[in-house]
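Residues per chain are reported as follows:
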Amino acid sequence: MKSSQPAVLDLRSEPYTRGYYRVLSPAQMSVALESRGVCGPDLSAPLNCFELGMGFGLPLVAHAACFPHMRFYGNDFNREHVTYASQLAKDAGLTNVEVFEDSFEKLLDRDLPPMDIISMHGVYSWISPKVRKMVLRFIAERLRPGGTFYVSYNALPGWAAQMPLRELVNLHGLRQVSVGATPVERLSQTLDFLDDFARVNPMYFEQDISVRARLGGLRSLDPHYAAHEYFNPDWHPMHFHQVASEMADVGLEFAAPALLSEQVDNAILSQPTRDLLSSVGDPILRETMRDFVLNKSFRWDLYTRGASRASAAQTAQFRKDRGWLLATARSEGITGPLVAGTTTYMDAPTTCRLLDALSEGPATARELSLRPGLEQLDADYIVDALLLLEDEGQVHPALPVALRDSARDSVRRFNTAVMQRPAEDGLHYLSCSASGRAMGWSTIALAQIRAAYQGALTVDDMVHAMRPQFEGDGDGQVPAKQLAHSAGRFFASRAPVLRHLGLL
Ligand SMILES: C[S@@+](CC[C@H](N)C(=O)[O-])C[C@H]1O[C@@H](n2cnc3c(N)ncnc32)[C@H](O)[C@@H]1O
């Protein structure tokens, strides 16, 4: 090793990706908990929500717009991240956002109110055991009784097979690439070297046939994400039972998978697997075994501090009487069967009938089960289909109308602020007041929504508003005829969906 090589890289000022994660929405958490029979956060209350290690804070600000009666706090020790989140909130005129350029250690000394929701996405596996203890202390001291903690992390056994490859990438990147290289350059040079290495057929590459595919996959990852994943000094994938035990030390218990589709065991697990798992009495062992069944490499989980359990009747009511919204216009939505893993959960005609029924407006599973062509389906079966369709981006759980109405102005201000940002900023998520979460859009779709915000009511208005952005002969050029065709589709099929979502 050259003596000037760093033993570890300091990624603290390295920008991360500007991702949006719907699992961080209080609305999503509430549905995930209630579907599992746990009383979730009361969304009409003035809740305090804290996001630890928020990165650029896009979800935090997008959700602050959806829930103007709540307060959203966040921290990150990367100044660029915190400045970005703070500016975005300011541009959107949101006064319910407070973000701190604090390390987790410094955060412990901050004067903060008790929190109803604490969340941490993509951080728990990438900090040292010592820093993890500080995070756990924060939760122990700040999460209210009955409160919710969301955490995601790299999980075992799914990561186990990739660990030697990660080690090799890390080792080469730290020991062989020159000191001045950025993490992204470092990754690129390391991958070039590993391609050369693969050509001499190391036995590890030969005997574990998935290695070459994994190596190939590394090139297609977002380089900022990959640099954090592969060069972070701390990287600790964990088994479910290990995380559950750390949570138990601060009084939390596992409540539900945060991804709705992961709750539909009937679709995900075979009958013999379900039978076997249900014979395992210990819930921690059972959930850990489930990760072996699915070879999980990432978990998104909700824990609570003694939240009340709903009765079976209440849970059935939550499930069947929750409203659902179509999120993708039918002309752009799925037309095939609803498939989960390798199982066909619902055939194509029934799936289309279900989604077509939602294109008429928001409806509950109970109401949908009375619609023509769906009467033969049990409402509970429809709920599970909707939980799966949510993962496909086809539907959103709806918020009560009063919440949607109270967020209209703040959501519009947030969306306007997003659409006013320069194109190179790359922000393409807009909030929906009717579902309390954001959605990503293509450049053309964003331009159409911007034109509609500015008052375009006809195809001609829209084309006129969009022309300056898309004319010329650069890469992003789109002929006027194509703009007109797409604007026609926007008014005919997308705009009604956007209105139901509270985005227009
Ligand atoms: C992998 S990124 C995830 C960011 C964000 N949660 C997301 O998913 O987009 C990890 C984040 O945690 C922050 N972070 C890591 N260690 C930290 C610490 N000790 N104190 C404060 N922030 C920290 C990093 O700056 C980075 O923004």
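Everything discussed here concerns the structure shown above.
Rules used throughout
Residues numbered from 1 in each chain as written. Predicted model: local features only at pLDDT ≥ 70, side-chain atom pairs only at ≥ 80, totals over all residues. Heavy atoms only, no water. Phe/Tyr/Trp six-rings, centres within 6.5 Å; stacked < 30°, edge-to-face > 60°. Buried < 20%, exposed > 50% of the residue type's maximum accessible area, 1.4 Å probe, protein only. Near = heavy atom within 4 Å. Polar contact = N/O pair within 3.5 Å; in protein donor to acceptor, adjacent residues only side chain to side chain. Areas by Shrake-Rupley, 256 points an atom, 1.4 Å probe, with all protein chains shown as cover. Nonpolar A, V, L, I, M, F, W, Y, C, P; charged D, E, K, R; others polar. Helix = DSSP H or I, 4+ residues; strand = E, 2+ residues; numbered from the N terminus. Contact = heavy atoms within 4.5 Å. Pairing = 2+ DSSP bridges. Axes fitted to C-alpha atoms, helices over the stretch in contact; angles between N-to-C directions. Parallel < 35°, antiparallel > 145°, perpendicular 65-115°, else oblique. Salt bridge = Lys/Arg side-chain N within 4 Å of Asp/Glu carboxyl O.

What to know about the packing of aromatic side chains
- One pass over the structure, following the stated rule, counts 14 aromatic pairs.
- Ring centres 5.6 Å apart and planes at 85° place the aromatic pair F197 and F205 in the edge-to-face group.
- Judged by relative accessible area, which is 31%, F197 ranks as partly exposed.
- On the basis of relative accessible area, F205 is assigned to the buried category, the value being 2%.
- Aromatic pair F490 and F491: ring centres 5.5 Å apart, planes at 90°, arrangement edge-to-face.

Observations regarding the site of the ligand
- Residues in contact with the ligand amount to 19 residues; listed here are only the nearest, G53, D76, H81, F104 and H121.
- Contact distances for the ligand include 2.6 Å between an oxygen atom and a side-chain N or O atom of D76.
- The separation between a nitrogen atom of the ligand and a polar main-chain atom of H121 is 2.7 Å.
- Within the complex, the protein chains bury 91% of what would otherwise be the 580 Å² of accessible surface of the ligand.
- By residue class, the composition of the shell around the ligand is eight nonpolar, eight polar and three charged.

Remarks on unusual backbone geometry
- Here the residue pair L156 and P157 is connected by a cis peptide bond, since its omega of 10° sits within 30 degrees of zero.
- Position of P157 among the secondary structure elements: in the loop between strand 5 (143-154) and helix 6 (163-175).
- Positive phi is not limited to glycine here, since N201 has a value of about 55°.
- Inspection of the secondary structure assignment puts N201 in the loop between helix 7 (183-199) and helix 8 (203-207).
- Looking at N201, the relative accessible area reads 45%, which means it is partly exposed.

Digging into the environment of N48
- Inspection of the secondary structure assignment puts N48 in strand 1 (residues 48-51).
- Overall, N48 belongs to the buried group, its relative accessible area being 11%.
- Distance in space between the C-alpha atoms of N48 and R71 is 5.0 Å, their sequence separation being 23 residues.
- In contact with N48, other than residues within four places in its own chain, are R71, Y73, P113, P114, M115, D116, I117 and R144.
- At a separation of 3.3 Å, a polar atom in the side chain of N48 contacts the main-chain carbonyl oxygen of P114.

Structural notes on the pairing of strand 4 (residues 115-120)
- For strand 4, a buried count of six out of six residues is recorded, marking the element as mostly surrounded by other parts of the structure.
- Judged from the three bridges that link them, strand 1 and strand 4 form a sheet pairing that is parallel. Pairing of C49 across the sheet is with I117, part of strand 4.
- With five bridges joining them, strand 4 and strand 5 adopt parallel strand pairing.

Remarks on the packing of helix 7 against helix 10 (residues 223-231)
- Where helix 7 meets helix 10, the closest approach of the two axes is 9 Å, and the angle between their N-to-C directions is 80°. Here helix 10 runs roughly perpendicular to helix 7, going by the angle between their axes. For the pair helix 7 and helix 10, contact is made by P183, V184, R186, L187 and T190 and by P223, H224, A226, A227 and F231, respectively.
- Class assignment for the residues of the contact of helix 7 with helix 10 results in seven nonpolar, two polar and one charged.

Quick notes on the pattern of salt bridges
- All told, the structure shown has 34 salt bridges when counted by the stated rule.
- Its salt-bridge partner being R79, residue E101 comes within 2.9 Å of it at the nearest N-O pair. Here E101 is found in the loop between strand 3 (97-100) and helix 4 (104-107), whereas its partner R79 is found in helix 3 (residues 79-91), with 22 residues between them in sequence.
- Notably, a salt bridge pairs D91 with R421, separated by 3.1 Å at the nearest N-O pair. With D91 in helix 3 and R421 in the loop between helix 19 (401-420) and strand 13 (429-432), this pair connects stretches of sequence that are 330 residues apart.
- The exposure class of D91 is partly exposed, given its relative accessible area of 42%.
- Judged by relative accessible area, R421 falls into the buried class, the value being 18%.

Description of the packing of helix 20 (residues 443-453) against helix 22 (residues 480-501)
- Taken N-terminus to C-terminus, the directions of helix 20 and helix 22 make an angle of 70°; their axes are 11 Å apart at the nearest point. Of the possible angle classes, the one that applies to helix 20 and helix 22 is roughly perpendicular. Across the interface between the two elements, I444, A445, Q448, I449 and A452 from helix 20 touch L483, S486, A487, F490, R494 and L498 from helix 22.
- Here the residues of the contact of helix 20 with helix 22 sort into eight nonpolar, two polar and one charged.

A closer look at the side chain of H172
- Following the sequence through the fold, H172 ends up in helix 6.
- Of the residues examined, H172 reaches a relative accessible area of 12% and is grouped as buried.
- In contact with H172, not counting residues within four places along its chain, are V177, Q189, T190 and F193.

Description of helix 20
- Among the eleven residues of helix 20, eight are classified as buried, and the element is accordingly described as predominantly covered.
- A445, L446, A447, Q448, I449, A451, A452 and Y453 are the residues of helix 20 that are buried.
- Where the residues of helix 20 are buried, they touch helix 19, strand 13, helix 21 (459-470) and helix 22.
- Looking one or two residues beyond helix 20, the residue adopting positive phi is G455, at roughly 110°.

Remarks on the pairing of strand 10 (residues 343-346)
- One ladder, built from three bridges, connects strand 9 (residues 338-340) with strand 10; its direction is antiparallel. In the sheet register, A340 faces strand 10, and the bridge partner there is T343.

Some points on the sheet that holds strand 11 (residues 363-364)
- Here we have three strands laid out as an open sheet, ordered 11-8-12, and antiparallel in their pairing. For this open sheet the edge positions go to strand 11 and strand 12 (395-397), each flanked by a neighbour on one side alone.

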